[in-house]
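For reference, the chains in residue letters:
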Amino acid sequence: MDAGKRAVSLIMGMYISNTVNYATYHDWDNIVQQLLAIAGGGALGAVLRFGMSSTIYRILGREFPYGTLAVNVLGSLLMGFLFVVLVERMAISAEWRAA
């Protein structure tokens, strides 16, 4: 097993014997694409969360966690909207749905 497949199998919590035909049991390209989509979505979300929270704290102050409240409320609304639009109304690939 090459190092990339071994790393992916460890990340995914799988132990696969060296005698298994990997292409038969796992679509490694699909797994890697899903991991990259999740990592990209997480990185973008973290940066947007930080920027929005910092802006709200700068405007309203830090006496009450308005930044955290606003980020959580708007994030929940956005995730609900995206779920309805992307999963229920559009046919998109599993990689994009995973992000």
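**Some remarks on the overall build of the protein**
The helix and strand inventory of the protein stands at five helices and zero strands. Start at the N end of the protein and walk to the C end: the helices and strands fall as α-α-α-α-α. The buried share of the protein, reckoned over its 99 residues, is 16%. Look at the contacts in the protein between residues 6 or more apart in sequence, and 24% of them connect residues 24 or more apart. Counting only carbon and sulfur atoms, one obtains 66% of the accessible surface of the protein, whose full area is about 7500 Å².

**As for the packing of helix H3 (residues 28-60) against helix H4 (residues 66-88)**
Contact geometry for H3 and H4: axes closest at 8 Å, N-to-C directions at 135°. When the axis of H3 is compared with that of H4, the two are oblique. The two elements H3 and H4 cross, and the hand of that crossing is right-handed. Each of Arg49, Met52, Ser53, Ile56, Tyr57 and Leu60 in H3 lies in contact with H4, whose residues at this interface are Tyr66, Gly67, Thr68, Ala70, Val71, Asn72 and Leu74. The class makeup of the residues in the contact of H3 with H4 is eight nonpolar, four polar and one charged.

**Quick word on the confidence of the model for the protein**
Here the protein averages 79 in pLDDT, while 68% of its residues score no lower than 70. By mean pLDDT, the top-scoring element of the protein is H3 (91), and the lowest-scoring one is helix H2 (residues 22-25) (51). Overall, residues 15-20 carries pLDDT values under 50, and its contacts beyond four positions in sequence, including any with other chains, amount to eight contacts.

**Brief notes about the packing of aromatic side chains**
Inspection of every chain in the model, using the stated rule, returns one aromatic pair. Seen from their ring centres, Phe64 and Tyr66 are 4.9 Å apart, and the 55° between their planes marks the pair as tilted. Phe64 gets classed as partly exposed once you look at its relative accessible area, which sits at 41%. The ring of Tyr57 carries Arg62 above its face, with NZ or CZ at 4.3 Å from the centroid.

**A word on a nonpolar patch on the surface**
A cluster of nonpolar side chains, namely Ile59, Leu60, Phe64, Tyr66, Leu69, Val73, Leu74 and Leu77, defines an oily patch on the protein surface of about 790 Å² accessible area. The set of elements that each furnish at least two residues to the nonpolar patch consists of H3 and H4. Under the relative-accessibility criterion, Leu77 is labelled exposed at 57%.

**Some thoughts on the side chain of Ser53**
Take Ser53: it is sitting in helix H3. Judged by relative accessible area, Ser53 falls into the buried class, the value being 13%. Contact partners of Ser53, with chain neighbours within four places excluded, come to Gly67, Thr68 and Val71.

Conventions and cut-offs
- Residues numbered from 1 in each chain as written.
- Predicted model: local features only at pLDDT ≥ 70, side-chain atom pairs only at ≥ 80, totals over all residues.
- Heavy atoms only, no water.
- Helix = DSSP H or I, 4+ residues; strand = E, 2+ residues; numbered from the N terminus.
- Buried < 20%, exposed > 50% of the residue type's maximum accessible area, 1.4 Å probe, protein only.
- Contact = heavy atoms within 4.5 Å.
- Areas by Shrake-Rupley, 256 points an atom, 1.4 Å probe, with all protein chains shown as cover.
- Axes fitted to C-alpha atoms, helices over the stretch in contact; angles between N-to-C directions.
- Parallel < 35°, antiparallel > 145°, perpendicular 65-115°, else oblique.
- Left-handed = near helix turned anticlockwise from the far one by under 90°.
- Nonpolar A, V, L, I, M, F, W, Y, C, P; charged D, E, K, R; others polar.
- pLDDT = per-residue confidence, 0-100.
- Phe/Tyr/Trp six-rings, centres within 6.5 Å; stacked < 30°, edge-to-face > 60°.
- Lys NZ or Arg CZ within 6 Å of the ring centre and 35° of its normal.
- Patch = residues over 30% accessible without salt bridge, like charges linked within 9 Å, V, L, I, M, F, W, Y side chains within 5 Å.
- Salt bridge = Lys/Arg side-chain N within 4 Å of Asp/Glu carboxyl O.

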